[in-house]
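What follows is each chain in one-letter form.
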Amino acid sequence: MQTISQAAYSEFLQQVTSQQVAQVTIKPDRIEYSLKSEFGGQRYYTVSDRIQPNLANLLRSNAIAFIDERVSAGSVLGLLLSMGAMAGALVWLAKFSEAGGGISGLMGIGKSKAKVYSQGKTGMKFSDVAGVDEAKQELQEVVDFLKNGEKYRKIGAKIPKGVLLVGPPGTGKTLLAKAVAGEAGVPFLSMSGSEFVELYVGVGASRVRDLFQQAKRQAPCIIFIDELDAIGKSRGNSNFGGNDEREQTLNQLLTEMDGFDGNEGVILLAATNRPEILDPALRRPGRFDRQVLVDRPDKIGREAILKVHSRSVRLGEDVDLSAIAVQTAGFSGADLANLVNEAALMAARQNRPSVLMADFKEAIERVIAGLEKRSRVLSPLERQTVAYHEVGHALVGALMPGSSKVSKISIVPRGLGALGYTLQTPEEDRFLMLEDELRGRVTTLLGGRAAEEIVFGQVSSGASDDIQKATALAERAVTQYGMGETLGPIAFETQQAQFLEGGSTRRAISAEVASEIDRLIKQMIDRAYDYAVAILRHNRTLLESTTQILLETEVLEGEQLQAILKQVQAPESLV
Ligand code: ADP
Ligand code: MG
Ligand code: ZN
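Keep in mind that what you see is a predicted model, and the values were worked out from it rather than measured.

Attention now goes to the overall build of the chain. If you tally the helices and strands in the chain, you get 21 helices and 16 strands. Taking all 575 residues of the chain together, the buried fraction comes to 49%. Once local pairs closer than 6 in sequence are excluded, the contacts in the chain between residues at least 24 apart make up 74%. For the chain, the accessible surface area stands at approximately 26,900 Å², while carbon and sulfur atoms represent 52% of it.

Before going further, it helps to examine the confidence of the model for the chain. Per-residue confidence for the chain averages 78 on the pLDDT scale, and 76% of its residues sit at or above 70. This stretch, residues 371–376, has a pLDDT under 50; its non-local contacts, to residues over four places away or in other chains, come to 26 contacts.

What surrounds ligand 1 is a group of 16 residues, the closest being Ala130, Gly170, Lys173, Thr174 and His309. One nitrogen or oxygen atom from the side chain of His309 is found 2.8 Å from a nitrogen atom belonging to ligand 1. Across the complex, the protein chains shield 86% of the 550 Å² of accessible surface that ligand 1 would expose by itself. Residue assignment for the shell around ligand 1 shows that the elements contributing at least two residues are α7 (173–184), α12 (299–309) and α14 (333–349). Along the lines of polarity and charge, the residues of the shell around ligand 1 split into 7 nonpolar, 7 polar and 2 charged. Residue contributions to the shell around ligand 1 reach at least three from each of two domains, namely domain 2 (115–293) and domain 3 (300–369).

This next bit is on the environment of Gly149. If you trace the backbone, Gly149 turns up in helix α6 (residues 149–155). On a C-alpha basis, the gap between Gly149 and Ile159 in space is 8.4 Å, while along the polypeptide they are 10 residues apart. Once residues within four sequence positions are removed from consideration, Gly149 is found in contact with Asp144 and Ile159.

Turning next to the pattern of salt bridges. Enumeration over the complete set of coordinates arrives at 15 salt bridges. One salt bridge connects Glu150 with Arg153, and the closest N-O pair in it is separated by 3.6 Å. Residue Glu150 and its partner Arg153 are both found in helix α6; the two are separated by 3 residues, about one turn of the helix. Accessibility expressed as a relative area gives 35% for Arg153, which makes it partly exposed. Linking Arg519 and Glu516 is a salt bridge whose minimum nitrogen-to-oxygen distance equals 2.9 Å. With Arg519 and Glu516 both in helix α19 (residues 511–538) and 3 residues apart, the pair spans about one turn of that helix. Its relative accessible area of 40% is what places Arg519 among the partly exposed residues.

Let us look at the packing of aromatic side chains. Per the counting criterion, the structure on display carries 3 aromatic pairs. Taken together, a centroid distance of 4.7 Å and an interplanar angle of 75° make the contact between Phe145 and Tyr152 edge-to-face. Note on Tyr152: relative accessible area 16%, which makes it buried. Seen from their ring centres, Tyr388 and Phe456 are 5.6 Å apart, and the 90° between their planes marks the pair as edge-to-face. Here the residue Tyr388 occupies a position in helix α16 (residues 380–399), and Phe456 occupies one in helix α17 (residues 435–456), the gap between them amounting to 68 residues. Taking the relative accessible area as the measure of exposure, Tyr388 reaches 5% and is therefore buried.

The subject of this paragraph is the side chain of Thr249. Note that Thr249 resides in helix α11 (residues 244–258). Apart from the residues within four sequence positions on either side, Thr249 is in contact with Phe196, Gly204, Ala205, Val208 and Ile231.

Among the surface-exposed residues, Asp133, Glu134, Glu138 and Asp298 lie close enough to one another that they form a single negatively charged patch. Note on placement: Asp298 falls in the loop between β11 (290–293) and α12. Note on Asp298: relative accessible area 40%, which makes it partly exposed.

Another point: the pairing of strand β12 (residues 404–410). For β12, the tally of buried residues reaches 5 of 7 residues, placing the bulk of the element in the interior. Where β12 and strand β16 (residues 555–557) come together, 3 bridges link them in antiparallel fashion. Within β16, the residue paired with Ile409 across the bridge is Leu556.

By size, the foremost hydrophobic cluster in this structure holds 46 residues, and its most contacted members are Leu395 and Val442. Contributions of two or more residues to this core are made by α16, β12, α17, α18 (464–479), α19, α20 (540–553) and α21 (558–566). When residues no more than four places from it in sequence are discounted, the contact partners of Leu395 are Leu536, Asn539, Leu542, Leu543, Ile564, Leu565 and Val568. Core analysis: the next-biggest nonpolar cluster, separate from the first, contains 28 residues, Phe126, Val142, Leu176 and Leu269 among them.

The geometry of a pair of packed helices is captured by two quantities: the angle between their axes and the separation between those axes. Between α16 and α17, the least distance of the axes is 7 Å, while the angle of their chain directions is 135°. What the angle tells us is that α16 and α17 run oblique. Relative to α17, the crossing made by α16 is right-handed. Facing Leu381, Gln384, Thr385, Tyr388, His389, Gly392, His393, Val396 and Gly397 of α16, the residues of α17 in contact are Thr443, Thr444, Leu445, Gly447, Gly448, Arg449, Ala451, Glu452, Val455 and Phe456. Classifying every residue of the contact of α16 with α17 by side-chain character gives 7 nonpolar, 10 polar and 2 charged.

Bringing the pairing of strand β7 (residues 162–166) into the picture now. With 5 of 5 residues buried, β7 is to be regarded as a mostly interior element. Here β7 shows two buried faces, one formed by Gly162, Leu164 and Val166 and the other by Val163 and Leu165.

Parameters and conventions
- Residues numbered from 1 in each chain as written.
- Chains lettered and ligands numbered in written order.
- Predicted model: local features only at pLDDT ≥ 70, side-chain atom pairs only at ≥ 80, totals over all residues.
- Heavy atoms only, no water.
- Helix = DSSP H or I, 4+ residues; strand = E, 2+ residues; numbered from the N terminus.
- Buried < 20%, exposed > 50% of the residue type's maximum accessible area, 1.4 Å probe, protein only.
- Contact = heavy atoms within 4.5 Å.
- Areas by Shrake-Rupley, 256 points an atom, 1.4 Å probe, with all protein chains shown as cover.
- pLDDT = per-residue confidence, 0-100.
- Near = heavy atom within 4 Å.
- Polar contact = N/O pair within 3.5 Å; in protein donor to acceptor, adjacent residues only side chain to side chain.
- Nonpolar A, V, L, I, M, F, W, Y, C, P; charged D, E, K, R; others polar.
- Domains from an automatic or database assignment.
- Salt bridge = Lys/Arg side-chain N within 4 Å of Asp/Glu carboxyl O.
- Phe/Tyr/Trp six-rings, centres within 6.5 Å; stacked < 30°, edge-to-face > 60°.
- Patch = residues over 30% accessible without salt bridge, like charges linked within 9 Å, V, L, I, M, F, W, Y side chains within 5 Å.
- Lys, Arg positive; Asp, Glu negative; His and termini not counted.
- Charge placed at Lys NZ, Arg CZ, Asp CG, Glu CD.
- Pairing = 2+ DSSP bridges.
- Core = buried A, V, L, I, M, F, W, Y, C linked by side-chain atoms within 4.5 Å.
- Axes fitted to C-alpha atoms, helices over the stretch in contact; angles between N-to-C directions.
- Parallel < 35°, antiparallel > 145°, perpendicular 65-115°, else oblique.
- Left-handed = near helix turned anticlockwise from the far one by under 90°.

The structure is reproduced here in structure tokens:
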């Protein structure tokens, strides 16, 4: 489960115009964005369709904060683009000042927009955060600095200035920062990195100055800079233009950090899910000298988070939170919060007084099944194709090594565009994948397509998502995990974002190596596909009978499904 989901361009536009979008980053090849909290908050989406040239204007006219990373292209084209952006900015400013009351709207532009919460009014306590005990322990110390600063000053100890929270999206970084302020009972000045950087040169820097001035007046207090990467990106690797503003802002931040002392009672917290792109200067001693990892929760953590979020929800007697925790490996805290809410909505829709286990099951499936994408209206032949396809995944998956067990097949179309799906639930949290498991996973992914080919002699477009995933997995095996036989353990690709999907760069390689990589990927896919075909040919009767059952019942699960999966036999030639 990723907290980063793919979204269609049309869906994104619709969310923009209906004011659901909080922040947008336009990358050369994709758009990354998050939604406002009331629309599911803190989930990140990427859109990789072709980006329309007038997107920046559209965002501006909807007053959505965005960063355009295409502008630094370092060419004449880049210059033209940024001039276009300035023209757009003027239009936007005119609009803005009309709404904001003329001149005063303009004057306020250098002031920080920090949200200030007074004395512990963030309303959050450590008890609202679960599953990240180590991070809490480290931050407990910060709370103590703020509460009992005198104790440390007397003894002559230097209080750390800055604590950086790093981890994947939705794991509770923002929540933790608020909880620190809540526990310490001090004011909390919070601002998001992207709010500093606007189109006017100098605005970001003056906002930083203003923020620190406010903080010094209110000490002891906490300054919290969320999404630090928006301003803290490494300097000096942009060719020209476009990024001056961000660099100035960052320089100002560094200057301010040097200009105060933790012993004055101001502590700086910041959060990011892209620590690897931060300017190294930010991590020097005397700046963010502490880093706290806020990671995805393990099983026990997930149960604890579910408990926190179901405090205010009426749970039925059959609800077993620890069983739900088992089935939600990979979910972040935000996913779990969302899950509890989905389940509650489900129960409310059916006018039931409490939330039942069945609601949770349904909600989990919604989240997971949203991942496989195809289009929608089903003819009888399509329905048949989908059924064979899913049974193909399931039968192949049953033979593959690893800890994921096929627990459900369904051809009931799902809201998010999946026509059918096969649910594999992990039996335990996994942190490592063995080579044969990886190959097994590729094979399982290709099982759907293999079934279509065997039965119909031709294939459909429905397997595109499977094929993409299988290819990506095979590519990582060769270029990152060193599983390519002839190339060995050399990393040809480095992951740029530790906590986010995608975004890897290939190191400089020769043409021969490049074609060897392609050959190995193809070989891995071909072998997996041949294996999937062989398994399904060998179990052809079972494939037919299971598909017939599925077409009638639409859903196969539990003992009935397990009894079928037990009958799958490995083809002799390959054992
Ligand atoms: P991040 O800043 O790491 O992206 P947030 O702190 O914004 O994540 O989390 C979003 C929401 O998800 C929170 O408001 C909370 O409801 C829920 N959540 C996330 N992590 C946790 C956690 N560890 N414990 C309890 N709730 C969490
Ligand atoms: Mg956050
Ligand atoms: Zn499939």
